[in-house]
Amino acid sequence: MNRIEIEQFLQEHKQRIEQTLPVYINTLQAPQTLKQAMSYSLEAGGKRIRPLLLLATLHAFGKEVEVGVPVACAIEMIHTYSLIHDDLPSMDNDDLRRGKPTNHKVFGEAMAILAGDGLLTYAFQVIAEMNAPTVTEEMKVKLIYELAKAAGPEGMVAGQVADMEGEGKELSLEQLEYIHRNKTGKMLQYSVLAGAILAGANEIQLEQLHAFASHLGLAFQIRDDILDIEGSEEKIGKRVGSDVENEKVTYPSLLTLDGAKEKLLYHINEAKRCLQDARVNDDVLCYICDLVATRDH
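Presented here is an overview of the structure given in this document. Predicted model, so just to flag it, every value in this text is computed and none were measured. (Residues numbered from 1 in each chain as written. Predicted model: local features only at pLDDT ≥ 70, side-chain atom pairs only at ≥ 80, totals over all residues. Heavy atoms only, no water.)

## Here we look at the layout of surface pockets
And then number 1: What the second largest pocket holds in volume is close to 250 Å³.
And then number 2: Every residue lining the second largest pocket is listed: Lys142, Glu146, Lys149, Ala150, Glu154, Lys186, Gln189, Tyr190, Leu193, Leu206 and His210.
And then number 3: Split into classes, the residues belonging to the lining of the second largest pocket amount to four nonpolar, two polar and five charged. (1 Å grid on protein atoms, 1.4 Å probe; cavity = no way out; pocket = protein on both sides within 12 Å on 5 of 7 lines; lining within 4 Å. Points joined across faces, edges and corners; volume = space filled by probe spheres on them. Nonpolar A, V, L, I, M, F, W, Y, C, P; charged D, E, K, R; others polar.)

In structure tokens, the structure reads:
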């Protein structure tokens, strides 16, 4: 695929995810206020990089991308729940998310917590209810198991705890990478893994794609840290400089801004090398690597 075709692929499937997410919420037999709070943050936009990684992985294996849409939506539900809870006064205390007032600013803290809880638990139901003929019961169990590991106390939640406990402290590069491999990286890794599971990848491919996603996850976070210094608040949709205000250790604070940019390039190049070793059609996934490295929001 050429650049225009890849951009069209990403745009079309981003739109598909954004059209499907409200359908899932609307079918719920749940209180209307809860559904509104869940939808508010789900529909706030964003890069949708996690669902796109899943669909791009299916494409890399030459599989029908449509089969991955339910899991892609489940991933976005869990990602959105984590953002709602991150923004709460007891955590990051943010007023803006993606250029809009944060969930608790609109619906109150209690409803924001419940909206996050609803999105987290509903995600597993969405996967369990998948009915595509090519998706076996064994696949669904593995998808649910791996998602619980990636999002839970051995994954994203572990990273959030380490991040919170690290505020105001001096951290080593190894400790910082632990935070980001878990807080950001595990869900990015899961997105690729889920696509590989649905595509029937072999063990060597799974190993290389796991390494690819690990490097991409760190690159994503390094770019985030860089944008917190030199990004535009208008484009990012939240306050710039919040890491400094919250006394968080970041890649630029440990490595300098130039050093962080060098580390970003290293992880992007390693991610692409792993893709080559996986021996899949890597055009869309490589393009996503470049988007992560150069994104401005």
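## Topic: helix H8 (residues 156-166)
And then number 1: Among the residues making up H8, those that are buried are Met156, Ala158, Gly159, Gln160, Ala162, Asp163 and Gly166.
And then number 2: Lining the buried residues of H8 we find helix H4 (69-86), helix H7 (137-151) and helix H9 (173-199). (Buried < 20%, exposed > 50% of the residue type's maximum accessible area, 1.4 Å probe, protein only. Helix = DSSP H or I, 4+ residues; strand = E, 2+ residues; numbered from the N terminus. Contact = heavy atoms within 4.5 Å.)

## Observations concerning the packing of H9 against helix H13 (residues 251-278)
And then number 1: Taken N-terminus to C-terminus, the directions of H9 and H13 make an angle of 60 degrees; their axes are 13 Å apart at the nearest point. The pairing of H9 with H13 is recorded here as oblique in orientation. Relative to H13, H9 is oriented so that their crossing is right-handed. For the pair H9 and H13, contact is made by Leu173, Leu176, Glu177 and His180 and by Tyr251, Leu254, Leu255, Lys263 and His267, respectively.
And then number 2: Here the residues of the contact of H9 with H13 sort into five nonpolar, two polar and two charged. (Axes fitted to C-alpha atoms, helices over the stretch in contact; angles between N-to-C directions. Parallel < 35°, antiparallel > 145°, perpendicular 65-115°, else oblique. Left-handed = near helix turned anticlockwise from the far one by under 90°.)

## Concerning H7
Two residues of an α-helix separated by three or four positions point the same way, owing to the 3.6 residues in each turn.
And then number 1: Here H7 contains 15 residues, and its C-alpha end-to-end distance of 21 Å stays within 8% of the 21 Å for a straight helix at 1.5 Å per residue.
And then number 2: Buried within H7 are the following residues: Met139, Lys140, Leu143, Glu146, Leu147, Ala150 and Ala151. The arc that holds every buried residue of H7, seen down its axis, measures 140 degrees, which confines them to one face. Opposite its buried face, H7 presents the exposed residues Glu137, Glu138 and Val141, each directed more than 90 degrees away.
And then number 3: Buried positions along H7 lie against H4, helix H6 (109-128), H8 and H9. (Expected span 1.5 Å × (residues − 1). Arc of directions from axis to C-beta.)

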